[in-house]
Structures are given as structure tokens and as C-alpha cells.
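Chain and residue survey
Letter by letter, the chains look like this.
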Amino acid sequence: MLHAQNQYLNTRVQTSSPGELTLMLFNGCILFIKQGITCIENKDFAGKHTNFSKAQNIIEELQSTLNMEYEISHNLSSLYTFLQSKLFEANVKLDIDSAQYCVTMFAELRDTWNEALKNLKSGEKVY
């Protein structure tokens with residue numbers, strides 16, 4: 001069963017557009033932060049660190065894909081840096097509020113990104 005899931009995910013990643021891949025990164029980041037919060041609540045400190053580290057790796061990937069020719073990319077880079085620091089704080093200080101703040105922010109980014117993708121697919125202008 002696990003092998004079939006891995007094959008499905010591998011195929012999904014290989015056949016997704018760059019926009020869909022970014023959406024998958026947002027979703028993965030949210031998932032890992034939520035799992036990290038659960039680990040804090042369960043006093044699973046190794047699991048907390050693993051999940052927050054995975055989320056931080058995703059944030060680094062999101063940051064590395066920004067096209068810095070655009071002003072919005074500079075704004076997103078600053079936001080990602082800030083969220084990295086909040087996640088680091090959550091990891092070190094076992095701060096669920098900081099982690100939840102990151103979940104909220106990434107959910108907003110994901111929802112905005114998803115709406116932009118829908119508009120692009122329908123031919124609407126995205127400003």
C-alpha cells in the first residue's frame with residue numbers, strides 16, 4: 001500500500017504545473033506544522049523537531065523559487081524569512097501560538113495562490 005501511495009505522489013509531482021507544485025508545497029508546510037503542534041501537545045519532542053524541520057525546508061524551497069525581478073517576490077521573501085523565525089521560535093520554545101500563527105499565514109498564502117491558479121485556468125486577469 002505504501003509503495004502505491006509513493007508511486008501516486010511521485011507521478012502527481014512529475015505531472016503537476018509549477019503553480020500546482022507551489023500549492024502542494026504550501027499544503028505540505030501546513031501539514032508538517034500541524035503535526036509539529038500535535039507533537040508538542042503529546043510531548044514528542046523528536047517528532048516536533050522533525051516536523052518543524054520539514055516545514056522549514058519547504059519554506060526554504062519556496063524562497064529559493066522566487067523570481068526576484070518582481071517586487072512581490074521581495075515581499076514574499078521577507079514574509080518567508082519572518083515565518084522561518086516564528087517556526088524556529090516554536091521549535092525551540094515549544095510555542096504553539098507561534099506555530100499556529102504560521103499555519104494561519106500559510107493557509108492564507110495557499111488560499112490566495114489557489115484562487116490565482118483558478119483565475120489563470122479560467123482566463124481571468126490576475127493582478
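These numbers come from a predicted model, not from an experiment. (Residues numbered from 1 in each chain as written. Predicted model: local features only at pLDDT ≥ 70, side-chain atom pairs only at ≥ 80, totals over all residues. Heavy atoms only, no water.)

What follows deals with the pattern of salt bridges. A complete count under the given rule lists two salt bridges for this structure. Between Lys121 and Glu20 there is a salt bridge, with the nearest N and O atoms lying 3.4 Å from each other. Of the two residues, Lys121 is situated in helix H5 (residues 96–122) and Glu20 in helix H2 (residues 18–41); the sequence distance between them amounts to 101 residues. A relative accessible area of 65% places Lys121 in the exposed class. In this structure Glu20 comes out as partly exposed when scored by relative accessible area, which is 27%. (Salt bridge = Lys/Arg side-chain N within 4 Å of Asp/Glu carboxyl O. Helix = DSSP H or I, 4+ residues; strand = E, 2+ residues; numbered from the N terminus. Buried < 20%, exposed > 50% of the residue type's maximum accessible area, 1.4 Å probe, protein only.)

Enumeration over the complete set of coordinates arrives at three aromatic pairs. A centroid spacing of 6.2 Å and a plane angle of 45 degrees characterise the contact between Phe26 and Phe106, whose relative ring orientation is tilted. Of the two residues, Phe26 is situated in helix H2 and Phe106 in helix H5; the sequence distance between them amounts to 80 residues. Using a relative accessible area of 3% as the deciding quantity, one classes Phe26 as buried. Given a relative accessible area of 0%, Phe106 falls into the buried group. The interplanar angle of 90 degrees and the centroid separation of 6.0 Å between the aromatic rings of Phe82 and Tyr101 together place this pair among those described as edge-to-face. Highlighted residues: Phe82 in helix H4 (residues 71–93) and Tyr101 in helix H5, separated in sequence by 19 residues. What makes Phe82 partly exposed here is its relative accessible area of 37%. Aromatic rings pair up to connect Phe26, Tyr80 and Phe106 into one cluster. Positioned over the ring face of Tyr101 is Lys86, at 5.7 Å from the centre of the ring. (Phe/Tyr/Trp six-rings, centres within 6.5 Å; stacked < 30°, edge-to-face > 60°. Lys NZ or Arg CZ within 6 Å of the ring centre and 35° of its normal.)

Read these as layout, nothing more, since geometry by itself doesn't imply function.
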